[in-house]
Amino acid sequence: MNTLDEQHMHLAVTSAGDARLRSRPNPWVGAVVVSPSGKVFTGSTREPGNAHAEVVALNAAGKNAVGATLYSTLEPCGHTGRTGPCTAAIIESGISRVVVGTLDPDTNVSGSGVQQLRNAGITVEVGVLEHEVRTQLAPYLHHRSTGRPFVVLKMASTIDGRIAAADGSSQWITGETARKRVHQLRAESDAIVVGAGTVRADNPSLTVRDVQGPSPRRIVLGEIDSQANIHPCTQWTGSLTDLLDTLGNEGVVQLLVEGGARVAASFHRERLINQYVMHIAPVIAGGDNAAGVFAGPAAATMADMWRGHVVSATNLGGDIEIILEPNLN
């Protein structure tokens, strides 16, 4: 693989990070134009209805795009939606080569964007830094492939697996850095779900504070008082699978589950969680009469236990964030 291609795709991935909080439900894409003389121009997807990353980078490059190489983390679209097709803009700009991180599973694209570029005589290469790109775009790719939101469970616990003290108090197990990270997760999510019990016990607002970004749509499993801080919210009494189907149809790309042990266990037992974000504090509850991370009966045998893989382990000001994902069969 061309080392320069990897370097420029890394830059495109970095640019894409700037779009995460503004582009949804569109994908957060980064693009880089490298002119024949080596000048570099970057772009990332704007708010829905505005320019996609490729067009932003092309506009920055101007006449430097003639004969240049365009790098895009995701396959350029070839259809008209809220904006015109990116493929048309690329062809008209005089770009001679396009390097794509990964194909777009959206049924409106799904290889057709690459084919349009090739039909116009542009050299197209696909798969540069694909693993890195697919990791960055995992919620979007999951949503477009399954029709459901990417489900992230966030739980905070003591090092011996308790989410509260024996009296039920839980503020705060983790420190300030970990709590700020939770607000980042909220800002990156289109919706957040908790149980009615959590609302009655803690009366949370579940808004984004401490970081820049939009507050997610709020979902409560069950019915709550009309004066609860979480309003306006959606009160849901149906099945979790129906909830995911409904939210997916409504454009929710990522759903953050931030409920208590019962809600966490419900999503876990139905195998609906795509990513577990566990915040573990250097605190010991020291007994078994406090709530654990998951309520209800444990796995009956070792063979029944859920097994995944560790994506990352990060120090958050003394607490540890461990991100787990299911093993792919």
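Residues numbered from 1 in each chain as written. Predicted model: local features only at pLDDT ≥ 70, side-chain atom pairs only at ≥ 80, totals over all residues. Heavy atoms only, no water.

Participant: Please set out the sheet that holds strand β13 (residues 319–326) residue by residue, giving values where relevant.
Facilitator: In sheet architecture, strand pairing relies on hydrogen bonds along the backbone and comes in two forms, parallel and antiparallel. Strand order across the open sheet formed by eight strands is β9-β8-β7-β10-β6-β11-β13-β12, with mixed pairing between neighbours. On the outer flanks of this sheet lie β9 (234–236) and β12 (308–316), each paired with one strand and no other. Mean inter-strand twist for the sheet, computed between neighbouring axes without regard to direction, equals 25 degrees. One ladder, built from five bridges, connects strand β11 (residues 275–281) with β13; its direction is antiparallel. Counted as the bridge partner of I280 is I320 from β13. The strands touched by helix α9 (residues 240–249) are β6 (150–158), β8 (217–221), β9 and β10 (254–257); relative to β8, the strand with the most contacts, the crossing angle is about 165 degrees. Along the sheet, helix α10 (residues 261–269) contacts β6, β7 (191–195), β8, β10 and β11; its crossing angle with β6, the most-contacted strand, is approximately 135 degrees. (Pairing = 2+ DSSP bridges. Helix = DSSP H or I, 4+ residues; strand = E, 2+ residues; numbered from the N terminus. Axes fitted to C-alpha atoms, helices over the stretch in contact; angles between N-to-C directions. Contact = heavy atoms within 4.5 Å.)

Participant: Describe the state of the cysteines, with residues and values.
Facilitator: A complete count under the given rule lists zero disulfides for this structure. C77 carries a free sulfur, and the closest cysteine sulfur to it, the one in C86, is 3.7 Å from it. When its relative accessible area of 8% is taken as the criterion, C77 is described as buried. (Disulfide = S-S within 2.5 Å. Buried < 20%, exposed > 50% of the residue type's maximum accessible area, 1.4 Å probe, protein only.)

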